[in-house]
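What follows is each chain in one-letter form.
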Amino acid sequence: MKDRVRVIDATKYFDKVLALRNVNITVRTGEVVLVIGPSGSGKSTLLRCVNRLENLNKGKIWIDEDEVTKPKADIRKIREEVGMVFQSFNLFPHLTALQNITLAPRIVKKNPEKQAREKARALLNRVGLIEKADSYPGQLSGGQQQRVAIARALAMDPRVMLFDEPTSALDPEMIKEVLDVMLDLAREGMTMLVVSHEMGFAKAAANKVVFMDNGEVIESADPETLFNRPQKERTKRFLAHIL
Amino acid sequence: MAEVKKPKIEITDGALIPGKDSDAVFSAWRISFFGALSLIILLPIITPDPYRRIIAFLPDGILRTFEVTIFSIFFAFFLGLITGLGRISRIKIINRIATIYVEVIRGIPLLVQIFYIYYALGRFLKIPDIASAVIAMAVCYGAYLGEIFRAGIQSIPKGQMEAALALGMSRSQALRRIILPQTIRLVLPPVGNEFIALLKDSSLVSIIAVSDLLRRGREFASRTFDYFETYTMVALIYLVITLFLSRLVAIMEERLQKGER
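Residues numbered from 1 in each chain as written. Chains lettered and ligands numbered in written order. Predicted model: local features only at pLDDT ≥ 70, side-chain atom pairs only at ≥ 80, totals over all residues. Heavy atoms only, no water.

J.: Which residues make up the overall build of chain A, and what are the values?
T.: Counting its secondary structure elements, chain A contains nine helices and ten strands. Principal axes of the C-alpha set define a box for chain A whose edges measure 55 × 45 × 35 Å. Expressed as a percentage of contacts within chain A between residues at least 6 apart in sequence, the contacts between residues at least 24 apart total 65%. By element, 45% of the accessible surface of chain A is carried by carbon and sulfur atoms, the whole surface being about 10600 Å². If you average the places of the 38 positive and of the 32 negative side-chain charges in chain A, the two averages end up 4 Å apart. (Helix = DSSP H or I, 4+ residues; strand = E, 2+ residues; numbered from the N terminus. Contact = heavy atoms within 4.5 Å. Areas by Shrake-Rupley, 256 points an atom, 1.4 Å probe, with all protein chains shown as cover. Lys, Arg positive; Asp, Glu negative; His and termini not counted. Charge placed at Lys NZ, Arg CZ, Asp CG, Glu CD.)

Here is the structure:
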């Protein structure tokens, strides 16, 4: 399997505060990599550097053969091919669910309206929300909004999907419906980099779990090994809190 | 967290926007509006002299007031939008120019600005009186509207821009498709209020030979010495117009908010 995402020696400061220190992570094509760690450990920052919502101070990030971090990189082209799902959904409140999904394919990829709509309907069907096509985000529950947000990202045919704590703003009864959609995606071979503490999802779908603390990767392994036989003291302490 | 919080801008000046009590049969708005309207209708019937003559003399002025107001609103809106965008621009020089414009214009009374454009600049280039009035009002209100647009744009959650960028949109696409449509909804009540305030302030242009409602009233009164009756009528007409418009703004606001639900 080829490497889809390579993060090499990523270092990032906010003003003087270190957010990432020499982070190395590889996500192979079709793999699901889960990043866990206490808040402020740099997980979200790492994700946001992959699609250049933030810029690294040092280090490189590659997606397939394209270097994301080089100064002349076509950032918009990269973002087209990197789907992102946010903790707070960030659906566009003035557009219907369907319009949320069709907008970027239409104005960024210049797909014809009809084609974009057909694809959006297929995606809504896939996330189980076809009957909500004409609803506005304000009329949807949190879980439904997040599923529309996933469909919105998928509509761009991304090479990799980034999930930034996709279920942590949700009520417990809505978490499952979102995780089910993510599990489906994983099964179909989508390459995913996920920041989440959902152990069930990790065990069912993750090929690798990375534990970060204070902007550093402490250790990474397959879920079974990392959760049951962590090597580092810090990992053990963190897992004791969340397991 | 599942609830999307809707930001709201508080109303500062301009006319009153009807609140929750506006459903009451005897709401403040209804008493004022219909009270003023009935006086305008009844006074000429009860006391034909001089009210009937006043009523016949004023319509030209009302039309002129509308003309100045509508042209001023049109230009002020675009000036305000450009200024608001300039104020949030990442390009320093644009940002600075927009900020200086707002600071300078807001620091000079509108009446002085009208004098300045008509009389002071009149020494170098002759600007017709109505054009002077429209320029002065648009330039002045453009600065105030610019601040409303800026506040509106900045109150849209950061995640909206990020989500748009993450989908591959350019900043200008994101502004046009995502940020501005939400901003317009948000700023409609305060912008509507500024328009009403503008209509009232348009009475200031009566001093530079624009024969608006107030000017016509003054002409009539100075000829007939019916000061009390004339200015009563003028005040009532302004009141009916602004109350009507404030109601219109409130209805538009309600509609837009329903569309978002």
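J.: Hey, could you go over the overall build of chain B for me, with residue numbers and the actual values?
T.: Along its length, chain B carries ten helices and zero strands. Reading chain B from its N end, one meets helices and strands in the order α-α-α-α-α-α-α-α-α-α. Looking at chain B as a whole, 48% of its 261 residues are labelled buried. Put simply, 76% of the contacts in chain B that link residues at least 6 apart link residues at least 24 apart. Counting only carbon and sulfur atoms, one obtains 67% of the accessible surface of chain B, whose full area is about 13900 Å². (Buried < 20%, exposed > 50% of the residue type's maximum accessible area, 1.4 Å probe, protein only.)

J.: Describe the sheet that holds strand β8 (residues 192–195) of chain A, naming the residues involved and giving the relevant values.
T.: Residues and elements named next belong to chain A. The six strands lie next to each other as β6-β7-β8-β3-β9-β10, forming an open sheet whose pairing is mixed. Of all strands in the sheet, those bounded by a partner on one side alone are β6 (82–85) and β10 (216–221). The sheet shows a mean angle of 20° between the axes of neighbouring strands, direction not considered. The pairing of strand β7 (residues 160–164) with β8 spans four bridges and is classified as parallel. (Pairing = 2+ DSSP bridges. Axes fitted to C-alpha atoms, helices over the stretch in contact; angles between N-to-C directions.)

J.: I'd like a description of the interface of chain B and chain A, backed by residues and values.
T.: With 23 residues of chain B in contact, the opposing surface of chain A contributes 30 residues. Here chain B and chain A share an interface that buries about 2400 Å² over both sides, 61% of which is from carbon and sulfur atoms. Linking chain B with chain A are one salt bridge. The partner of B:E162 in a salt bridge is A:R48, with the nearest N and O atoms 2.6 Å apart. One can count seven residue pairs in polar contact (both at pLDDT 80 or more) joining chain B with chain A. Residue assignment for the side of chain B that touches chain A shows that the elements contributing at least two residues are α7 (158–166), α8 (171–201) and α10 (227–260) of chain B. Considering every element that reaches the side of chain B that touches chain A, the biggest residue donor is α7(B), with seven residues. A class-by-class count of the residues in the side of chain B that touches chain A yields eleven nonpolar, seven polar and five charged. (Buried area = accessible area lost by both parts, 1.4 Å probe. Salt bridge = Lys/Arg side-chain N within 4 Å of Asp/Glu carboxyl O. Polar contact = N/O pair within 3.5 Å; in protein donor to acceptor, adjacent residues only side chain to side chain. Nonpolar A, V, L, I, M, F, W, Y, C, P; charged D, E, K, R; others polar.)

J.: Describe unusual backbone geometry, listing the residues and the values that go with them.
T.: The omega angle of the peptide bond from B:D49 to B:P50 is 10°, so this bond is cis rather than trans. Tracing the backbone through its elements, the reader meets B:P50 in helix α2 (residues 48–57). With phi around 65°, A:R52 is a residue other than glycine that occupies positive phi space. Secondary-structure assignment places A:R52 in the loop between α1 (43–50) and β4 (58–63).

J.: So what about the sheet that holds β4(A)? Which residues, and what values?
T.: Residue and element names in this part refer to chain A. The strand order across the open sheet built from four strands is β2-β1-β4-β5, with neighbouring strands paired in antiparallel fashion. Either end of the sheet is taken by a strand with one partner, and the two such strands are β2 (17–28) and β5 (66–67). Bridging between β4 and β5 involves two bridges; their strand directions are antiparallel. Of the residues in β5, the one forming a bridge with I63 is D66. Contacts between α1 and the sheet are confined to β1 (3–14), β2 and β4, with β2 contributing the most and set at about 65° to the helix.

J.: Describe the nonpolar core, naming the residues involved and giving the relevant values.
T.: Counting 80 residues, the largest nonpolar core has A:V7, A:V23, A:F92, A:L162, A:L193 and B:M169 as the members making the most contacts within it. The element that contributes the greatest number of residues to this core is helix α6 (residues 129–154) of chain B, accounting for 13 residues. Once you skip the residues sitting within four places of it in the chain, A:L193 turns out to touch A:V27, A:V33, A:V35, A:L47, A:V50, A:M161, A:L162 and A:F163. Listed in part, the 52 residues of the second largest apolar core include A:A120, A:A153, A:L170 and A:L185. (Core = buried A, V, L, I, M, F, W, Y, C linked by side-chain atoms within 4.5 Å.)

J.: Give me a nonpolar patch on the surface: which residues, what numbers.
T.: All names here are of chain B. Taken together, the side chains of F71, F74, F75, F78 and I82 present a nonpolar region at the surface, about 530 Å² in accessible area. On the secondary structure map, F71 appears in helix α3 (residues 59–87). Judged by relative accessible area, which is 44%, F71 ranks as partly exposed. (Patch = residues over 30% accessible without salt bridge, like charges linked within 9 Å, V, L, I, M, F, W, Y side chains within 5 Å.)

J.: Describe in detail the pairing of β4(A), supporting the description with residues and values.
T.: All names here are of chain A. Where β1 meets β4, five bridges bridge the pair, whose relative direction is antiparallel. When the bridges of β4 are listed, V5 appears paired with I63. Hairpin connection between β4 and β5: a loop of two residues separates the two successive antiparallel strands, and D64 in this loop has a positive phi of roughly 50°.

J.: Report on a positive patch on the surface, specifying residues and quantitative values.
T.: A cluster of basic residues, A:R76, A:K110, B:R176 and B:R177, forms a positive patch at the surface. Using a relative accessible area of 34% as the deciding quantity, one classes A:R76 as partly exposed.

J.: Give a description of helix α4 (residues 92–106) of chain B that names residues and reports values.
T.: Residues and elements named next belong to chain B. For α4, built from 15 residues, the straight-helix expectation of 21 Å at 1.5 Å per residue is met to within 8% by its first-to-last C-alpha distance of 21 Å. Within α4, the full set of buried residues consists of A98, T99, Y101, V102 and I105. Considered in projection along α4, the buried side chains sweep an arc of 155° and stay on one side of the axis. Residues K92, I93, I97 and E103 are exposed on α4 and point more than 90 degrees away from its buried face. Tucked into the core, α4 has its buried residues touching α3, α5 (110–120) and α6. (Expected span 1.5 Å × (residues − 1). Arc of directions from axis to C-beta.)

J.: How would you sum up α5(B)? Please name residues and give values.
T.: Residue and element names in this part refer to chain B. Listing the buried residues of α5 in full gives L110, Q113, I114 and I117. Each buried residue of α5 lies within a common arc of 100° when the element is viewed along its axis, so the set occupies one face. Each element contacted by the buried residues of α5 is listed here: α4, α6 and α8.

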